Number of protein chains: 2
Amino acid sequence: MNYNDAIGLFAKTLRNIEQWMEKATAYAIAKSFEVDVLAQARLAPDQFAFARQVQSACDQAKYTAAYLGEKQAPSHPDTEQTFAELRQRIEKCLAFLDTVQAKDLAGAEERKVSPPWLGGKWLRGDDYLVHVAIPNFFFHATMAYAILRHNGVDLGKMDYIGAIPVKDG
Amino acid sequence: MNYNDAIGLFAKTLRNIEQWMEKATAYAIAKSFEVDVLAQARLAPDQFAFARQVQSACDQAKYTAAYLGEKQAPSHPDTEQTFAELRQRIEKCLAFLDTVQAKDLAGAEERKVSPPWLGGKWLRGDDYLVHVAIPNFFFHATMAYAILRHNGVDLGKMDYIGAIPVKDG
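Reference entry: report on the structure contained in this document. (Residues numbered from 1 in each chain as written. Chains lettered and ligands numbered in written order. Predicted model: local features only at pLDDT ≥ 70, side-chain atom pairs only at ≥ 80, totals over all residues. Heavy atoms only, no water.)

Points about the overall build of chain A
And step 1. Per the secondary structure count, chain A includes five helices and two strands.
And step 2. Reading the secondary structure of chain A in the N-to-C direction produces α-α-α-β-β-α-α.
And step 3. Computed over C-alpha atoms, the radius of gyration of chain A comes to 17 Å, within 12% of the 15 Å expected from 2.2 N^0.38 for 169 residues, which places it in the range of a compact globule.
And step 4. The dimensions of chain A, computed from C-alpha atoms along their principal axes, are 50 × 50 × 25 Å.
And step 5. Counted over contacts in chain A with a minimum sequence separation of 6, partners at least 24 positions apart contribute 70%.
And step 6. Of the roughly 7,200 Å² that chain A leaves accessible, carbon and sulfur atoms contribute 50%. (Helix = DSSP H or I, 4+ residues; strand = E, 2+ residues; numbered from the N terminus. Rg over C-alpha atoms; globule rule 2.2 N^0.38 Å. Contact = heavy atoms within 4.5 Å. Areas by Shrake-Rupley, 256 points an atom, 1.4 Å probe, with all protein chains shown as cover.)

Some words on the packing of helix H2 (residues 50-69) of chain B against helix H3 (residues 83-99) of chain B
Residue and element names in this part refer to chain B.
And step 1. Two elements in contact, H2 and H3, have axes separated by 9 Å at closest approach and are oriented at 10°. Taken together, the axes of H2 and H3 lie roughly parallel to each other. On H3, the residues touching Phe-50, Ala-51, Val-54, Gln-55, Cys-58, Asp-59, Ala-61, Lys-62, Ala-65 and Ala-66 of H2 are Phe-83, Leu-86, Arg-89, Ile-90, Cys-93, Phe-96 and Leu-97. (Axes fitted to C-alpha atoms, helices over the stretch in contact; angles between N-to-C directions. Parallel < 35°, antiparallel > 145°, perpendicular 65-115°, else oblique.)

With respect to the relation of the copies chain A and chain B
And step 1. With an RMSD of 0.0 Å, the operation that places chain A on chain B is a rotation of 180° combined with a shift of 0.0 Å along the axis. With respect to symmetry, the two chain copies, as superposed, fit the operation of a two-fold axis.
And step 2. The fraction of interface residues of chain A whose copies in chain B are also interface residues reaches 100%, indicating that both copies meet through the same surface. (Least-squares fit on C-alpha atoms with pLDDT ≥ 70 in both.)

Quick look at the interface of chain A and chain B
And step 1. The interface is formed by 43 residues belonging to chain A together with 43 residues belonging to chain B.
And step 2. With both sides pooled, the region where chain A packs onto chain B buries about 4,100 Å², and carbon together with sulfur makes up 65% of that total.
And step 3. Interface area lost by chain A to chain B is led by Met-1, Arg-149 and Lys-167 of chain A, which between them contribute 16%.
And step 4. At the boundary of chain A with chain B, the tally comes to four salt bridges.
And step 5. Of the charged contacts in the structure, one is a salt bridge between Asp-127 of chain B and Lys-167 of chain A, with a shortest N-O distance of 3.8 Å.
And step 6. Viewed at the interface, chain B and chain A are joined by 14 residue pairs in polar contact (both at pLDDT 80 or more).
And step 7. Sorting the residues of the side of chain A that touches chain B by element identifies helix H1 (3-31), strand E2 (123-124), helix H4 (125-150) and helix H5 (157-161) of chain A as the ones contributing at least two each.
And step 8. With 17 residues, H4 of chain A is the largest single contributor of residues to the side of chain A that touches chain B. (Buried area = accessible area lost by both parts, 1.4 Å probe. Salt bridge = Lys/Arg side-chain N within 4 Å of Asp/Glu carboxyl O. Polar contact = N/O pair within 3.5 Å; in protein donor to acceptor, adjacent residues only side chain to side chain.)

Some words on the packing of aromatic side chains
Pairs of aromatic rings are described using the distance from one ring centre to the other and the angle between the two planes.
And step 1. Applying the stated criterion across every chain yields a total of 24 aromatic pairs over all chains.
And step 2. On the numbers, 6.0 Å between centres and 20° between planes, the contact of Trp-20 of chain A with Tyr-160 of chain A is stacked. With Trp-20 of chain A in helix H1 and Tyr-160 of chain A in helix H5, this residue pair connects regions lying 140 residues apart in the sequence. By the burial criterion, Trp-20 of chain A is buried, and Tyr-160 of chain A matches it.
And step 3. Both rings, one in Tyr-63 of chain B and one in Tyr-67 of chain B, keep their centres 5.7 Å apart while their planes meet at 25°; by these two values the pair is stacked. Remark: Tyr-67 of chain B and Tyr-63 of chain B occur in helix H2; sequence separation between them is four residues, near one turn of the helix. (Phe/Tyr/Trp six-rings, centres within 6.5 Å; stacked < 30°, edge-to-face > 60°. Buried < 20%, exposed > 50% of the residue type's maximum accessible area, 1.4 Å probe, protein only.)

Looking at the pattern of salt bridges
Between side chains of opposite charge, pairing is possible as soon as their charged atoms come close.
And step 1. Under the criterion given, the structure shown has 26 salt bridges over all chains.
And step 2. Residue Arg-87 of chain B is joined to Glu-18 of chain B by a salt bridge in which the shortest nitrogen-to-oxygen separation is 3.7 Å. Taken together, the positions of Arg-87 of chain B in helix H3 and Glu-18 of chain B in helix H1 (residues 3-31) put the pair 69 residues apart, joining distant regions of the chain.
And step 3. Overall, Glu-18 of chain B belongs to the buried group, its relative accessible area being 8%.
And step 4. Here Asp-59 of chain B makes a salt bridge to Arg-89 of chain B, at a shortest N to O gap of 3.0 Å. Taken together, the residues span a long stretch of sequence, with Asp-59 of chain B in helix H2 and Arg-89 of chain B in helix H3 at a distance of 30 residues.
And step 5. Because the salt bridges share partners, they merge into one network encompassing Asp-59, Lys-62, Asp-78, Glu-80 and Arg-89 of chain A.

Some remarks on H1 of chain B
All names here are of chain B.
And step 1. Along its 29 residues, H1 runs 42 Å from first to last C-alpha, staying within 8% of the 42 Å computed at 1.5 Å per residue.
And step 2. Two to three positions downstream of the cap, the backbone nitrogen of Asn-4 sits 3.0 Å from a side-chain oxygen, assigning the N-cap of H1 to Asn-2.
And step 3. Within two residues after H1, Ser-32 carries a phi angle of roughly 55°, on the positive side. (Expected span 1.5 Å × (residues − 1).)

Quick word on the state of the cysteines
Residue and element names in this part refer to chain A.
And step 1. In total, this model carries zero disulfides over all chains according to the counting rule given.
And step 2. Here Cys-58 is not disulfide-linked; the sulfur of Cys-93 is the nearest cysteine sulfur, at 4.5 Å.
And step 3. With relative accessibility at 0%, the residue Cys-93 sits in the buried group. (Disulfide = S-S within 2.5 Å.)

Let's talk about the nonpolar core
And step 1. Counting residues in hydrophobic clusters, the biggest one holds 123 residues, and the most contacted among them are Leu-14, Leu-97 and Ile-134 of chain A together with Leu-14, Leu-97 and Ile-134 of chain B.
And step 2. Beyond its immediate stretch of four places on either side in the chain, Ile-134 of chain A contacts Met-1, Phe-10 and Leu-129 of chain A together with Met-1, Leu-9, Ile-134 and Phe-138 of chain B. (Core = buried A, V, L, I, M, F, W, Y, C linked by side-chain atoms within 4.5 Å.)

Don't take any of this as a statement about function, it's just geometry.
Below you can see the structure in the form of C-alpha cells.
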C-alpha cells in the first residue's frame, strides 16, 4: 500500500460516513425525531459523542495528509453541532485531501513527523501511518458507525466498507 | 507501509485486545460479575457479540496473511464462548501470523486474491489490503473495544493504540 492509497482510503471512508448520516437522517424522519440529537449521542458517558468522533476522523485524515505530504493543515475548529455542519466539515477535509498529490507523498516513509502531542519527539512517516494514523482514523470512523448503529440506524457492513474494486475473470 | 508492517500492525492490535480482556477481567472481579457475560455483550441486538468481534478480527488478520503470503490458512472454527477460549484463539492466530515472513509477502500487491465470498471474482493484493483487510480488521477490533467500553471497562485510547516507536532528538 502506498501513501496515496492510504489517503484515498481515508477519503473514501469519510464519504461513507456521509452516507451513514444520510441513512440516520432518513431514520430520524421515519421515527419523527430531530436527527441532530444523534450528534450528541455516545456509547459511554466519558467518551466522545458522535460529532467529536466525526471531527476526530477528519483530523486524523487531515493531519496524515499534511504531515506525510508536507503541506500546511488548514485550521478546522471543532464547532460543528448539527449533521449539516458535520457534513460541511467532512467536505472541507475532503477538499484539503484533494490538494495532496501522489508526488507530495514521495519519500513520506522517511519523513520526520513531529505532532505537538509528541512534545518534540518524532516518528518516521511509515511508523506514523502504521501506529497512529490508520488505527486512530478507523477507531473514530467505527465509533461514529457504532453510535448510529446502537441508536437503531439501519447500517450494515457494506455501508461501512463502501465500493470495492472487484475484478472479473 | 509494506505488507509486513500491515501484518505486524494486526498482530500488535490482537495483543492489545488481550490487554483489554485483562482489564475487563479485573473489572469483573471488582464488580463481582462473571467476565464471560461480556463475551455475549453487543451494542445492538442484530450485531455480532464481543466473542464474534474478536473471532472476526482474528480471521481478518489470518486471511490477510494467508492470501498475501500465499500460505494455507489454518481452520479456526468459531466455537469460543469464554474469555479464556478467546485468548487461546488470539494466540493461535498470532502463531500463524508468525509463520508468514517478509519474503512470503514480496510481490503481494499484484497477487490475485479471490476469497470465497467474491464468488470467483478477485481483487489485487494491494486493493484487498486497502479496501477489505484494513477497514474490516479495525472495524471488528474497535467494536470489541466499544462493547467493553460501553459496559464500563476502564479503557482509554492508549490501550487501543498500544506502544508507538517514538524517536528522540
